Every structure is written in C-alpha cells, then in structure tokens.
Amino acid sequence: MNWQDIKVSADNSHFLFDGKQIFGRKFIEVLKFHSPGLAPVKDKSGSYHIDSFGNQLYVERFARTFGFYCNRAAVVHADKCFHITDTGKQAYKDTFAWTGNFQENFCSVRNSENKYFHIDLDGNRIYNDSFLYCGDFKDGIACVKTSKGLFRHIYSNGKYLHDKEFSDLGIYHKNFAIAKDNGGWYHIDKSGNEIYRQRFLAVEPFYNGFALVTQFDNDKIIIDENGNTVVKI
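A quick note: this is a predicted structure, and the numbers were derived from the prediction, not measured. (Residues numbered from 1 in each chain as written. Predicted model: local features only at pLDDT ≥ 70, side-chain atom pairs only at ≥ 80, totals over all residues. Heavy atoms only, no water.)

S.K.: Go over the pattern of salt bridges with me, naming the residues and quoting the values.
M.R.: This model, assessed by the stated rule, comprises nine salt bridges. With a closest N to O distance of 3.3 Å, Asp163 and Lys164 form a salt bridge. Judged by relative accessible area, Asp163 falls into the exposed class, the value being 59%. The exposure class of Lys164 is partly exposed, given its relative accessible area of 28%. The partner of Arg199 in a salt bridge is Glu194, and the shortest N-O contact between them spans 2.7 Å. We classify Glu194 as partly exposed; its relative accessible area is 33%. If you follow the salt bridges from partner to partner, you end up with Asp181, Glu194, Arg197 and Arg199 in one network. (Salt bridge = Lys/Arg side-chain N within 4 Å of Asp/Glu carboxyl O. Buried < 20%, exposed > 50% of the residue type's maximum accessible area, 1.4 Å probe, protein only.)

S.K.: Give me the lowdown on the pairing of strand β14 (residues 141-145), citing residues and values where you can.
M.R.: Across the five residues that make up β14, a large majority, four, are buried. Direction of pairing for strand β13 (residues 133-134) relative to β14: antiparallel, over a ladder of two bridges. Its bridge partner being in β14, Tyr133 is matched across the sheet by Lys145. Here β13 folds back onto β14 in antiparallel fashion, the turn holding six residues, of which Asp139 has a positive phi close to 55°. Sheet topology places β14 next to strand β15 (residues 151-155); five bridges connect them, and they run antiparallel. Within the sheet, the bridge partner assigned to Ile141 lies in β15 and is Tyr155. Remark: five residues form the turn of the hairpin made by β14 and β15, two consecutive strands paired antiparallel; Gly149 in that turn has positive phi of roughly 85°. (Helix = DSSP H or I, 4+ residues; strand = E, 2+ residues; numbered from the N terminus. Pairing = 2+ DSSP bridges.)

S.K.: Please set out the sheet that holds strand β6 (residues 46-51) residue by residue, giving values where relevant.
M.R.: The strand order β4-β5-β6 describes an open sheet built from three strands, whose pairing is antiparallel. Each edge of the open sheet is held by one strand with a lone partner, namely β4 (29-30) and β6. Where strand β5 (residues 38-43) meets β6, six bridges bridge the pair, whose relative direction is antiparallel. Paired with Asp43 across the strands is Gly46, a residue of β6.

S.K.: Go over the packing of aromatic side chains, please, and point to the residues and values.
M.R.: A complete count under the given rule lists 13 aromatic pairs for this structure. Judged by centre distance (6.4 Å) and plane angle (75°), the ring pair of Phe15 and Phe27 falls under edge-to-face. With Phe15 in strand β2 (residues 15-17) and Phe27 in the loop between β3 (20-21) and β4, this pair connects stretches of sequence that are twelve residues apart. Here Phe27 falls in the buried class, since its relative accessible area comes to 8%. (Phe/Tyr/Trp six-rings, centres within 6.5 Å; stacked < 30°, edge-to-face > 60°.)

S.K.: Please give an account of the nonpolar core that cites residues and values.
M.R.: Within the largest apolar cluster, 35 residues are counted, with the highest numbers of intra-cluster contacts made by Phe15, Ile50 and Ile119. Taken together, the elements giving at least two residues each to this core come down to β5, β6, β8 (72-77), β9 (80-84), β11 (107-110), β12 (116-119) and β14. Residues Cys143, Tyr172, Ile178 and Trp185 belong to the second largest nonpolar core, which totals 23 residues. (Core = buried A, V, L, I, M, F, W, Y, C linked by side-chain atoms within 4.5 Å.)

S.K.: Give me the lowdown on unusual backbone geometry, citing residues and values where you can.
M.R.: With an omega of 10°, the peptide bond running from Ser35 to Pro36 counts as cis. In the Ramachandran plot, Asp18 falls in the positive-phi region, its phi being about 55° despite a non-glycine side chain. By the secondary structure assignment, Asp18 is in the loop between β2 and β3. Classification of Asp18 as exposed rests on a relative accessible area of 66%.

Any functional reading would require information that these geometric values do not contain.
Written as structure tokens, this is what we have:
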C-alpha cells in the first residue's frame, strides 16, 4: 500500500484506501499523510503521528500535531510550540508562541514578544532581524512585514531582494509576485517594479502567462503579463 494513495475521510475521522476504511479504527481527527509516509492523528490519548501501517511512531502525546515537512513536524505542547523528529523528540531546545512548517529547510516562527523570524532545522535564527510577520520561503525568497508596517521580500540571509516596499505582498511565482500599493493590487518583477500601470481590487498569481483579476467594479477579467485584457469573465 503506497502512502500517497491513502486518503482522509470526508469527516476527517479516519483513513481510506481504495475507498475503504483502513487501520481498523477511527480517530477524533486525522490529517493527510506527508513524506516519508507519516500522518498526524488525535485520539483520547492526545495527538501524535502514525506511519502508513497505522502504527504510532512514539509514545509521547501532544495537544496538537501537524504534518512532517523537511523531516520536522510542528507540535503544540501545553502553551508551547516547537518541532519534533519522527522519534517524537524535540528537534531543538527553544520553544515558541507559534511555529509554521519547514519549507526549503527554513521555518517561520513567532516568539513570546510576538516577533517573527525564520529558523533553520536546528532551531537557530538564520538572520538577526525580527519582523511583524514573515511567511514561508519559496525559491529562496520570503515576504516579511517590517517595523514600518510595510512588506518587503528577503533572501534567507535576511538581506532584502530589492528596495521596494508595499502595503501588501505575495511570494514570487514564475518570476512575478502580487503586490499592493495605495492604488490597489498589481504584479511586480524580481526588481520590485510594476509590469503594467493598472491597479485592481484583487489579483491572482499568473497561471501559465495569464492571471485572474478583479476590477474595482467587481467584474473579473483575465489579463496577460502586459496587463492587457484577454477575457471578460
């Protein structure tokens, strides 16, 4: 049985293979399997992880468990958040008020002072600055909200990708990112420059050269990478 073919039931209480319940039991809650074939579950004893045969990985129990990413899983124990290995042991000594999931071997965390920053797999900060918020890294770049209340892009060493600041911002997808200024939403390139002059109420990332956007009259259109209207939805 390939763990990638194991599905979660509609009520999130058990697992299915070929449409049939497996492991001979239901849980209070389950989440889907992640590489290398491990899943978070919760029963009366607490939250923990199982393998693709339904066996528990460890005896420890947590208030909440999440999926494994980069061989680390975020857990909540009492009011502390941290990551564990597949042995159920804490992966590093520090704890946080919140932890995200590791992406590209880095993870966004929030400390007790509500400051955000990124850590590596050993729990070490990867740069000195702290932010009002920071998101996951994708292709080596993440979005952060600085103390000025504006969003910027950073590399994993904490250096800024460009000198542009925005009132809101998204990650890069196929060389472009969504950004917002006082005029509205639009798309920018890797230098932080607008790729067209228009502004919109909302925009989605480009999907194979085209993006769905919402105009200020709430009409939706498809635009190309030059901002030209291609289709009215």
